[in-house]
Amino acid sequence: MLTRKSKLTLKKIASFFSVIRGYNIWVIALAQYLSAIFILAPEKRALEIILDWRLFLIVFASTLTIASGYIINNFYDAKKDLINRPKKAMIDRLVRQETKLKVYFTINFIVVFLMLFISWRAMLFFSTYIFLIWFYSHKLKKMFFVGNITAAILAILPFFGILMYYKNFYAVIFAHAIFLLLLILIREIIKDLENIEGDLIADYKTIPVAFGEKTAKIVISILTFLTLVPVYFLIEIYNVGYMDIYFYLSLIALLFFGILLWKATKKTEYLKLHFLLKLIIVSGVFCIILIEPSVLIHGKKLISTY
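Quick look at the structure, then. (Residues numbered from 1 in each chain as written. Predicted model: local features only at pLDDT ≥ 70, side-chain atom pairs only at ≥ 80, totals over all residues. Heavy atoms only, no water.)

The subject of this paragraph is the overall build of the chain. The number of helices and strands found in the chain is 17 helices and zero strands. Counting every position in the chain, which comprises 306 residues, the buried fraction comes to 48%. Element-wise, carbon and sulfur atoms account for 71% of the exposed surface of the chain, whose accessible area totals about 16000 Å². (Helix = DSSP H or I, 4+ residues; strand = E, 2+ residues; numbered from the N terminus. Buried < 20%, exposed > 50% of the residue type's maximum accessible area, 1.4 Å probe, protein only. Areas by Shrake-Rupley, 256 points an atom, 1.4 Å probe, with all protein chains shown as cover.)

Looking now at the packing of helix α9 (residues 146-166) against helix α10 (residues 171-194). It is the contact of α9 with α10, at a shortest axis distance of 8 Å, that shows an interaxial angle of 150°. Classified by the interaxial angle, the pair formed by α9 and α10 is roughly antiparallel. Every pair of crossing elements has a handedness; the one defined by α9 and α10 is right-handed. For the pair α9 and α10, the contacting residues are Asn-148, Ile-149, Ala-151, Ala-152, Ile-153, Ala-155, Ile-156, Phe-159, Phe-160 and Leu-163 in the first and Ile-173, Phe-174, Ala-177, Leu-180, Leu-181, Ile-184, Leu-185, Glu-188, Ile-189 and Asp-192 in the second. Class assignment of the residues belonging to the contact of α9 with α10 gives a composition of 17 nonpolar, one polar and two charged. (Axes fitted to C-alpha atoms, helices over the stretch in contact; angles between N-to-C directions. Parallel < 35°, antiparallel > 145°, perpendicular 65-115°, else oblique. Left-handed = near helix turned anticlockwise from the far one by under 90°. Contact = heavy atoms within 4.5 Å. Nonpolar A, V, L, I, M, F, W, Y, C, P; charged D, E, K, R; others polar.)

Two side chains with opposite charge may pair up if their charged atoms get near one another. Evaluation of the coordinates by the stated rule reveals three salt bridges. With a shortest N-O distance of 3.5 Å, Lys-44 and Glu-48 are connected by a salt bridge. A salt bridge links Glu-188 to Lys-191; the nearest nitrogen and oxygen atoms lie 3.4 Å apart. Placement of both Glu-188 and Lys-191 in helix α10 is noted, with a separation of three residues, approximately one turn of the helix. Here the two residues Glu-188 and Lys-191 agree in accessibility, since each one is buried. In this structure, a network of salt bridges that share partners links the residues Arg-187, Glu-188 and Lys-191. (Salt bridge = Lys/Arg side-chain N within 4 Å of Asp/Glu carboxyl O.)

Below, the structure is given as structure tokens:
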């Protein structure tokens, strides 16, 4: 039998796991490794990439920075989350705000310290990344459309950290990045539609708050249509192996998403659309393997350069 103190400790651990969204972080780390193997460094052997301690430190620092970002975001959104996500907010409040800040600063210190072992450029990159996350949570998040764009850029910045490490600036990489950026930007505006009540009270100048749900849906529809551009290049121009199957299925899913978007009026319906977008993004992480499945079979890179 667990004592009362032990139960409270476990609840606090679960609360902190909820704050840093630990269920998301492992997916991001996996995405970084798969991107390095199949997209960002196609000329290197998979085993060489996996055993690279410098890459490990960069990925580890990325996950820590993202975790600290969730902490500071949760700190500033505490009141708003009580309205938008009351159940999650009550769980998150088991950890005191002072404790969250202490952990936040500790994590960021560890990140900067670890990057000293890589290079001064890596330290500068992550220091800037940490600052931008804080500035976004403190100021930019409340600004009309700027908050959405910033959130989307911050979400893909860890991959550019790895890109800078390998210094392989292939055009196909930017096509992947633009597709992901558009998906995340769409998801951010969907989240604004979910959270419109809390955003109104907290004075967040989101598109739904400033111009209404219809305008937000028009913007989302335009962004969804724009995903055709990077998908065309990825399927028709560049060699992405069997991953073109994923992009065809993504377009079908996005068509279905667009139809449901204009029918949605309730928060629960926007939550379903949010889940569909998240499914497309997470599926894309695992489908990176389809670029060259033989890497898993033979244990080495066989991808020709783009």
